[in-house]
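Per-entry structural report
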Amino acid sequence: MIAKYTLGLILALQVSMSLCSVPPPDAELVQKYEQMRTTFYSRLLAAYSKFQEAAAPYLEKIGEHEHGQTTKHFVEEVMAKPEFQAFAKVAAGAGQEVGRVADTARTAALGAYAQYARPHIGTYLSDAIDSIKVYLDKYLPAQ
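Residues numbered from 1 in each chain as written. Predicted model: local features only at pLDDT ≥ 70, side-chain atom pairs only at ≥ 80, totals over all residues. Heavy atoms only, no water.

Structural notes on the packing of helix H3 (residues 66–80) against helix H4 (residues 82–139)
- Following both chains from N to C, one finds H3 and H4 inclined at 70°, their axes separated by 5 Å at the closest point. Here H4 runs roughly perpendicular to H3, going by the angle between their axes. Contacts between H3 and H4 involve Val78, Met79 and Ala80 from the first element and Pro82, Phe84 and Gln85 from the second.
- Among the residues making up the contact of H3 with H4, the classes are represented as 5 nonpolar, 1 polar and no charged. (Axes fitted to C-alpha atoms, helices over the stretch in contact; angles between N-to-C directions. Helix = DSSP H or I, 4+ residues; strand = E, 2+ residues; numbered from the N terminus. Parallel < 35°, antiparallel > 145°, perpendicular 65-115°, else oblique. Contact = heavy atoms within 4.5 Å. Nonpolar A, V, L, I, M, F, W, Y, C, P; charged D, E, K, R; others polar.)

A word on the pattern of salt bridges
- For the structure shown, the criterion picks out 5 salt bridges.
- Note that Asp137 and Arg43 form a salt bridge whose closest N and O atoms lie 2.7 Å from each other. You can see Asp137 sitting in helix H4 and its partner Arg43 sitting in helix H2 (residues 27–64), a full 94 residues away along the chain.
- The exposure class of Asp137 is partly exposed, given its relative accessible area of 47%.
- Assessed through its relative accessible area of 6%, Arg43 is described here as buried.
- Taking the shortest distance from any N to any O, the salt bridge between Asp103 and Arg106 comes out at 2.6 Å. Here Asp103 and its partner Arg106 are both found in helix H4, 3 residues apart, which amounts to about one turn of the helix.
- The exposure class assigned to Asp103 is partly exposed, which follows from its relative accessible area of 40%. (Salt bridge = Lys/Arg side-chain N within 4 Å of Asp/Glu carboxyl O. Buried < 20%, exposed > 50% of the residue type's maximum accessible area, 1.4 Å probe, protein only.)

Some remarks on the side chain of Arg43
- At 2.7 Å, the side chain of Arg43 forms a polar contact with the backbone oxygen of Leu140.
- If sequence neighbours within four positions are ignored, Arg43 has contacts with Lys133, Leu136, Asp137, Leu140, Pro141 and Ala142. (Polar contact = N/O pair within 3.5 Å; in protein donor to acceptor, adjacent residues only side chain to side chain.)

Re the packing of aromatic side chains
- In total, this model carries 1 aromatic pair according to the counting rule given.
- Ring centres 6.1 Å apart and planes at 50° place the aromatic pair Phe40 and Tyr41 in the tilted group.
- By relative accessible area, Phe40 is classed as partly exposed at 46%.
- Residue class for Tyr41 comes out partly exposed when judged on its relative accessible area of 45%. (Phe/Tyr/Trp six-rings, centres within 6.5 Å; stacked < 30°, edge-to-face > 60°.)

Next comes the structure, spelled out in structure tokens:
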């Protein structure tokens, strides 16, 4: 009786594991994703640089006040502490590990999209992205 339960459990685990295997995404889909991701990051960097240019005069004025000097001194003290430096090293290491896991998850998600969703909604999603790009190019350019 135990052998039957063991065999049933092994077969159930094999079926569940075979359902978990996701085929790798197409090279064309990965290239398109990487291109969109690069464009998105360049848009964010351009927006950040514009924000930084607009905020620079205000930040310089804050440094002239007593509270601004106190805050600046406090931040310098915290950054000089060895506890903060150790925390920063641990956070950087964790960030690298999370990056690897995120790459694996991204590849699996792209594979699942290519296998199951792209045949049904691929053209609609592509058209929607193309129509959104027009507005993004107008209001949040990549350059």
